[in-house]
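# Architecture and fold: a report
Residues per chain, in single letters:
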Amino acid sequence: VEDIKTTYGAPEYIYEGDEYTSLDYAGDEYEDGMDFEVDTATGTLSCISLANTAMPAGVNVSPSDISTEAPAINDKYQAPDGPSTDRFDHIITLDGVNYVLPVTVSELMANGWVLDTATDDYLSGNSSTWTYMEKGGNKIEVNLENYTPDAMLPINAYVTQIGVDAKYCSYDVTFPGGISMGDQGSKLKEIYGDLGDDYYESEYSSFISYSVWTYNDEGSVYISAYADPETGEINEYSYTFYVDSIE
């Protein structure tokens with residue numbers, strides 16, 4: 001530790017644990033900087049971490065440089081034949097239209113939904129971003145996923161999550177398993193309660209919280225819902241279906 005201080009000066013932060021001591025230099029370790037870890041038992045340097053997220057000169061990405069063409073995987077999307085009939089069919093009915101996650105942004109846009117103006121200009125390869133889509137004064141939260149290694153415009157991404165808050169969306173919305181906004185929260189227990197530790201609920205003075213987190217060979221499902229403790233009615237609901245790739 002003293003050798004490191006002699007060479008690099010005083011660190012911005014020192015963490016002293018039972019197993020190791022960490023000396024952090026020059027910024028946030030997740031974005032930039034230089035960190036050292038010294039093994040407590042041996043007193044020797046066990047890890048050096050260097051990070052720099054600054055883009056090299058001349059390689060900054062501009063939306064004008066990104067292809068406006070949708071990737072070929074977008075052609076793989078097929079709209080469902082009808083509303084949800086199974087708790088894990090990933091079908092959401094929104095304003096009378098059935099979608100199955102993951103769904104292309106363009107499919108929602110074809111039915112009048114537009115991306116919030118604050119949406120990122122582009123998604124880098126194999127990345128995701130949270131944003132909103134709006135229609136007729138209604139707003140839903142969405143997670144946009146880029147399943148390609150190349151940067152893309154958000155209009156060409158897939159949606160892996162749709163979240164609805166009754167304060168911001170008055171449309172009729174039905175989620176997998178036939179759960180609709182305004183239903184009793186207890187319906188989640190009826191449908192997902194057999195999942196054991198993958199199902200969780202908790203009641204507080206101002207809300208009742210429900211969550212489901214499970215996965216299978218297809219991908220992973222995460223559900224988050226809130227209900228009014230007085231009426232028991234669901235007023236917030238979010239359904240996520242994530243797959244590693246679109247094949």
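The sections below set out a description of the structure shown in this document. All figures in this text were calculated on a predicted structure; none of them were measured in a lab. The numbers attached to residues start from 1 for each chain and follow its sequence in the written order. The predicted origin of the model limits local features to residues at a pLDDT of at least 70 and limits the giving and counting of side-chain atom pairs to 80 or more, whereas totals for whole chains, interfaces and linings rest on all residues. The side-chain numbers reported here are obtained from all heavy atoms of the structure, hydrogens and water having been left aside.

### Some points on the sheet that holds strand 13 (residues 179-180)
Condition: Think of it this way: DSSP has to see at least two bridges between two strands before they count as a pair. Only DSSP runs of H or I covering at least 4 residues are called helices, and only runs of E covering at least 2 are called strands; the numbering of each starts at the N terminus.
A sheet is described by the order of its strands in space; here four strands give the open sequence 6-5-12-13, paired in antiparallel fashion. Of all strands in the sheet, those bounded by a partner on one side alone are strand 6 (97-100) and strand 13. Pairing of strand 5 (residues 91-94) with strand 12 (residues 173-175) involves two bridges; the strand directions are antiparallel. Counterpart to T93 in the pairing with strand 12 is T174.

### Quick notes on the layout of surface pockets
Here is the rule we go by: Points on a 1 Å grid over protein atoms alone make up a cavity when a 1.4 Å probe fits among them but cannot get out, and a pocket when they form an open set with protein on both sides within 12 Å along at least five of seven lines; lining residues each have an atom within 4 Å of a point. Grid points are joined across faces, edges and corners, and a volume is the space filled by probe spheres set on the points. Residue polarity is assigned by list, with Asp, Glu, Lys and Arg as charged and Ala, Val, Leu, Ile, Met, Phe, Trp, Tyr, Cys and Pro as nonpolar; anything else, Gly included, falls into the polar class.
Considered as a void within the structure, the largest pocket measures approximately 410 Å³ in volume. Along the wall of the largest pocket there are 21 residues; nearest its centre are W130, E141, Q161, G163 and S238. Sorting the residues of the lining of the largest pocket by element identifies strand 9 (128-135), strand 10 (138-145), strand 11 (158-165), strand 16 (220-227) and strand 17 (234-242) as the ones contributing at least two each. In the lining of the largest pocket, the residues fall into eleven nonpolar, six polar and four charged. In terms of lining residues, the second largest pocket is bounded by 16 residues, among which L101, P102, F241, V243 and I246 are the most central.

### Notes on the side chain of S84
The criterion, for reference: Remark: exposure states derive from per-residue accessible area (1.4 Å probe, protein chains only) relative to the maximum for the residue type, with buried under 20%, exposed over 50%, and partly exposed in between. Here a polar contact is taken to be a pair of N or O atoms separated by no more than 3.5 Å, where protein atoms must pair a possible hydrogen donor with a possible acceptor and residues adjacent in sequence count only if both atoms sit in side chains.
With respect to the helices and strands, the residue S84 is situated in the loop between strand 4 (45-52) and strand 5. Using a relative accessible area of 16% as the deciding quantity, one classes S84 as buried. Engagement of the side chain of S84 in a polar contact is seen with the backbone oxygen of D86, the distance being 3.1 Å. There is a polar contact of 2.8 Å between the side chain of S84 and the backbone nitrogen of G177.

### Some details on the packing of aromatic side chains
Selection rule: Here a Phe, Tyr or Trp ring, Trp counted by its six-membered ring, pairs with any other such ring whose centre lies within 6.5 Å, and the pair is stacked when the planes are under 30 degrees apart, edge-to-face when over 60, and tilted otherwise. Only when the NZ atom of a Lys or the CZ atom of an Arg is both within 6 Å of the ring centre and within 35 degrees of the ring normal do we say a charge sits over the ring.
A full pass over the atoms with the stated rule returns nine aromatic pairs. For the pair Y15 and Y20, a centre-to-centre distance of 5.7 Å together with 50° between the ring planes defines the contact as tilted. You can call Y15 partly exposed: its relative accessible area is 38%. Ring plane angle 80° and centroid distance 5.8 Å describe the contact between W113 and Y171, whose orientation is recorded as edge-to-face. Linking W113 in the loop between helix 2 (105-110) and strand 8 (114-115) with Y171 in the loop between strand 11 and strand 12, this pair joins segments that are 58 residues apart in sequence. For the cation-ring pair, K139 lies above Y132, with the distance from its terminal atom to the ring centre recorded as 4.9 Å.

### Observations concerning unusual backbone geometry
Following L101, the chain continues into P102 via a peptide bond in cis, with omega recorded as -5°. Structurally, P102 can be placed in the loop between strand 6 and strand 7 (103-104). Despite not being glycine, H90 has its phi angle at roughly 65°, a positive value. Tracing the chain through its elements places H90 in the loop between strand 4 and strand 5. Of note, N126 is a non-glycine position whose phi angle comes to about 50°, a positive value. Within the element layout of this structure, N126 appears in the loop between strand 8 and strand 9. Since its relative accessible area comes to 55%, N126 is described here as exposed.

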